[in-house]
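A closer look at the structure
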Amino acid sequence: MPDPMKISFAKIPAAPGAITVVLAGEGLALSAGAAALLEPTGDLLARAAASERFEGKAGSALELVAPAGLETGRLVVLGVGKAAELKPLDWLKLGGALMGRLPAAAKEVAVVLELPEVEVSPEAVAEFALGLRLRGYAFDRYKTRQKPEEQAARPKVTLHVVDDVAAKRAWKKREGVGDGVVIARDLVNEPANVLTPTEFARRAGELSKLGVAVEVLDEKQLKKLGMGALLGVGQGSEQESRVVVMRWDGGKEGVAPLAFIGKGVVFDTGGISIKQAAGMEDMKGDMGGAACVVGLMHALASRKAKVNAVGVIGLVENMPDGNAQRPGDIVTSMSGQTIEIINTDAEGRLVLGDVLWYVKDRFKPQFMIDLATLTGAIMVALGQEHAGLFANDDALAARLTEAGLATGEKVWRMPLAPEYDKLIDSRFADMKNTGGRFGGSITAAQFLKRFVGDVPWAHLDIAGTAISSPASDINRSWASGWGVRLLDRLVAENYEG
Ligand code: BES
Ligand code: MN
Ligand code: ZN
């Protein structure tokens, strides 16, 4: 993990820092602590605000360089909007918005996190800190000639709050979730010449430091298990395939685990049904589902979640060599069901089919949730603001939807129905791996459904949300780390204690 920015907590009052930050609600109301700090500046703030038309709108900021009367290089007044209505997600975005305002040269930042009339809870402070951390993330490990002003700011930030002890405690619980998002982003941003299935498995192995039991299944073991669908995808690559099983047993012994399954195609050329060249480089991110599962397991373990959880990822590279799988090939999956390969580019479902079946068989989980950059069609349907949600269980779907709204990692439910299922019946085998041009995301989900039996199951198609991410308050990186916060929240709200 890249060295994270340093965030610490202290009481109010704050002495001015190299960069001093205070909050202002609508109407420019300042807290007692902020007002005391700015007292020596007289009516400077009022005059500056009038001239800049700064009204304290959420995420807006007024910046004053070397303000007279205050021993600070820069004063930032961060607008929070309607202070009484701030939710955790708003605090997260505010932290991100502030980070976006800090110059690359910022070394020390003192923030007075206090509002007039409303109390800023420790959880709100932690969420603000998380926003700072996530917005401060940059994947620059391969930029050898970056000028200082192009480098990401990694300042020391002190958050001055009413109860610094409680804030610190809240951040301790939240920090690991931030690390989980960063781990997922790093994995997704990493190129496929570095992040092979074996290297991915090695990195997942680092979770053992947190008490996660990690098992790596190699090709010999996968063959013995009968995972012909997964192995068929990887057979055209020089790189061997892997399945990684990660277990966190923080709950009561004997309680069935929650299961999270990720598509980990480290690179997707399309195979023999090869993709066009333009944009193919994006397919280094075709393991965004697996990355999320690793990030989630890190989050759960680091905050010692009181839950039994298992994460299982299928790691393969989809390449077109002389041994590659062909259209027309028929493979036998671990479930015994046979699959006719129509298009070797519909490989994610082949990987997931075997992993879902394996997880159902071995762990008899309370539910299975899989994440996959599965179809281009989901972007046509939903764009990049919602992931596609498919589920055989209304309660699970409702919980995911709620967690999505709370975290901003939103999902939108899509249909499953027997009529779509017919589209993947095959003339030669039990099913085929594509269902034609219409409803491409739905037929992909129907395919997965054939491998989950009666287990409550949800499938998240994250092709639009995990990679090529639009700029947001909390992310400027190509990889978003999507799903870690969503699933951490799902677990925390519904399955612990
Ligand atoms: N990995 C792709 C889906 C994808 C596309 C993810 C763009 C992220 C961005 C997947 O393996 C794929 O190639 N799907 C095909 C399915 C088709 C052949 C039925 C697709 O979406 O075109
Ligand atoms: Mn593909
Ligand atoms: Zn793919």
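Reading guide: rules and limits
Residues numbered from 1 in each chain as written. Chains lettered and ligands numbered in written order. Predicted model: local features only at pLDDT ≥ 70, side-chain atom pairs only at ≥ 80, totals over all residues. Heavy atoms only, no water. Pairing = 2+ DSSP bridges. Helix = DSSP H or I, 4+ residues; strand = E, 2+ residues; numbered from the N terminus. Near = heavy atom within 4 Å. Polar contact = N/O pair within 3.5 Å; in protein donor to acceptor, adjacent residues only side chain to side chain. Areas by Shrake-Rupley, 256 points an atom, 1.4 Å probe, with all protein chains shown as cover. 1 Å grid on protein atoms, 1.4 Å probe; cavity = no way out; pocket = protein on both sides within 12 Å on 5 of 7 lines; lining within 4 Å. Sits in = over half its atoms within 2 Å of the grid points. Nonpolar A, V, L, I, M, F, W, Y, C, P; charged D, E, K, R; others polar. Donors = N, O, S within 2.8 Å, 3.2 Å for Na, K, Ca; no water. Tetrahedral: all angles 85-135°; square planar, octahedral: opposite > 155°, others 65-115°. Buried < 20%, exposed > 50% of the residue type's maximum accessible area, 1.4 Å probe, protein only. Core = buried A, V, L, I, M, F, W, Y, C linked by side-chain atoms within 4.5 Å. Contact = heavy atoms within 4.5 Å. Points joined across faces, edges and corners; volume = space filled by probe spheres on them. Axes fitted to C-alpha atoms, helices over the stretch in contact; angles between N-to-C directions. Parallel < 35°, antiparallel > 145°, perpendicular 65-115°, else oblique. Left-handed = near helix turned anticlockwise from the far one by under 90°. Expected span 1.5 Å × (residues − 1). Bend = angle between axes of the 7 residues up to and from the residue. Phe/Tyr/Trp six-rings, centres within 6.5 Å; stacked < 30°, edge-to-face > 60°. Lys NZ or Arg CZ within 6 Å of the ring centre and 35° of its normal. Right-handed = clockwise from strand over helix to strand, strands pointing away.

Comments concerning the sheet that holds strand S11 (residues 330-332)
As summarised here, the arrangement of the three strands in space is S11-S12-S16, forming an open sheet in which the pairing is mixed. Looking at the sheet topology across the chains shown, the edges are occupied by S11 and strand S16 (431-432). Two elements, strand S12 (residues 338-340) and S16, share two bridges in a ladder whose sense is parallel. Of the residues in S16, the one forming a bridge with glutamate 340 is lysine 432.

Concerning the site of ligand 1
Taken together, 17 residues lie near ligand 1, and Lys275, Asp286, Asp345, Glu347 and Gly376 sit nearest. A distance of 3.4 Å separates a nitrogen atom of ligand 1 from a polar backbone atom of threonine 373. A distance of 2.7 Å separates an oxygen atom of ligand 1 from a polar atom in the backbone of glycine 376. When the free accessible area of ligand 1 is taken as 520 Å², the share hidden by the protein chains comes to 77%. More than half of the atoms of ligand 1 fall within 2 Å of the grid points belonging to the largest pocket. By residue class, the composition of the shell around ligand 1 is five nonpolar, five polar and seven charged.

Description of the coordination of the manganese ion (ligand 2)
At the metal site, the manganese ion (ligand 2) is ligated by Asp268 (OD), Asp345 (O), Asp345 (OD) and Glu347 (OE), and these contacts range over 2.0 to 2.2 Å. Around the manganese ion (ligand 2) sit six donor atoms, and with donor-metal-donor angles ranging over 70 to 166° the site reads as irregular. Ordering the donors of the manganese ion (ligand 2) by residue number gives the pattern D-x76-D-x1-E. A distance of 3.1 Å spans the gap from the manganese ion (ligand 2) to the zinc ion (ligand 3), which aspartate 268 bridges by coordinating each metal. Taken as a pair, aspartate 268 in strand S9 (residues 258-268) and aspartate 345 in the loop between S12 and helix H10 (348-363) lie far apart in primary sequence, 77 residues in all. Judged by its relative accessible area of 3%, aspartate 268 is buried. You can call aspartate 345 partly exposed: its relative accessible area is 22%.

Observations concerning the nonpolar core
Core analysis: the largest hydrophobic core is formed by 104 residues, its most contacted members being Phe128, Leu159, Phe200, Met246, Phe260, Ile369 and Leu487. Among residues more than four places away in sequence, those in contact with phenylalanine 200 are Leu187, Leu195, Val266, Met287, Ala290, Ala291, Val294, Ile313 and Leu315. In terms of nonpolar packing, the next biggest core, distinct from the first, is built from 39 residues, Leu217, Val243, Val245 and Trp457 among them.

Some words on the coordination of the zinc ion (ligand 3)
Each protein donor to the zinc ion (ligand 3) is listed here as Lys263 (NZ), Asp268 (OD), Asp286 (OD) and Glu347 (OE); together their distances run 1.9 to 2.4 Å. One way to put it: the six donor atoms around the zinc ion (ligand 3) meet at angles of 77 to 175°, and that makes the site octahedral.

Quick look at the layout of surface pockets
In this approach a probe as big as a water molecule rolls over the atoms, and the regions it shows empty are the leftover space. The computed volume of the largest pocket comes to approximately 700 Å³. Around the largest pocket sit 32 residues that line it, and Lys275, Leu374, Thr375, Gly376 and Ala377 are the ones nearest its centre. Of all the elements in the fold, those that place two or more residues in the lining of the largest pocket are S9, H10, helix H11 (377-382) and helix H14 (440-449). Grouping the amino acids of the lining of the largest pocket by side-chain chemistry returns nine nonpolar, 14 polar and nine charged. Considered as a void within the structure, the second largest pocket measures approximately 550 Å³ in volume. Lining the second largest pocket are 20 residues; nearest its centre among them are Glu123, Glu127, Arg174, Asp488 and Ala492.

Things to note about the packing of helix H12 (residues 394-407) against helix H15 (residues 484-494)
How two helices pack is summed up by the angle between their axes together with the distance between the axes. Contact geometry for H12 and H15: axes closest at 9 Å, N-to-C directions at 120°. Here H12 is positioned oblique relative to H15, judged by the angle of their axes. Viewed along their axes, H12 and H15 form a crossing whose handedness is right-handed. The segment H12 lies against H15, with Arg399, Leu400, Ala403, Gly404, Ala406 and Thr407 engaging Arg485, Leu486, Leu487, Arg489, Leu490 and Asn494. Counted by class, the contact of H12 with H15 contains six nonpolar, three polar and three charged residues.

Topic: the environment of leucine 78
Counting through the fold element by element, leucine 78 comes out in strand S4 (residues 74-81). Overall, leucine 78 belongs to the buried group, its relative accessible area being 0%. Setting aside residues up to four positions removed in sequence, leucine 78 forms contacts with Val21, Val22, Leu23, Ala24, Phe54, Gly59, Ser60, Ala61, Leu94, Leu98 and Phe128.

Topic: helix H5 (residues 164-189)
The end-to-end C-alpha distance of H5, which contains 26 residues, comes to 35 Å, matching closely the 38 Å that a straight helix rising 1.5 Å per residue would cover. The sharpest bend along H5 reaches about 30° and sits at lysine 173. Taking burial as the measure, the 26 residues of H5 include 20 buried ones, the bulk of the element.

Comments concerning the packing of aromatic side chains
A complete count under the given rule lists five aromatic pairs for this structure. Summarising the aromatic geometry, the rings of phenylalanine 367 and tyrosine 495 are spaced 5.2 Å apart at their centres and angled 70° between planes, so their arrangement reads as edge-to-face. Of this pair, phenylalanine 367 sits in strand S13 (residues 367-372) while tyrosine 495 sits in the segment after H15, placing them 128 residues apart in sequence. A single burial state applies to phenylalanine 367 and to tyrosine 495, both of which are buried. Ring pairs connect the aromatic residues Phe260, Phe367 and Tyr495, which therefore count as one cluster. Directly above the ring of tryptophan 357 sits lysine 360, whose terminal nitrogen or CZ lies 3.6 Å from the centroid.

Re the sheet that holds strand S15 (residues 410-413)
Strand order in the open sheet made by the eight strands is S7-S8-S10-S9-S13-S17-S14-S15, with mixed pairing throughout. Looking along the sheet, the strands with just one partner apiece sit at the ends: strand S7 (213-217) and S15. Neighbour-to-neighbour, the strand axes of the sheet open up by a mean angle of 20°, direction not taken into account. As defined by bridge partners, strand S8 (residues 242-249) adjoins strand S10 (residues 308-318) across eight bridges and the pair is classed as antiparallel.

Things to note about the pairing of S15
Sheet topology note: the strand S14 (residues 386-391)/S15 ladder contains four bridges and is parallel. In the sheet register, alanine 387 faces S15, and the bridge partner there is valine 411. In the classification by handedness, the crossover that spans S14, the intervening H12 and the parallel S15 is right-handed.

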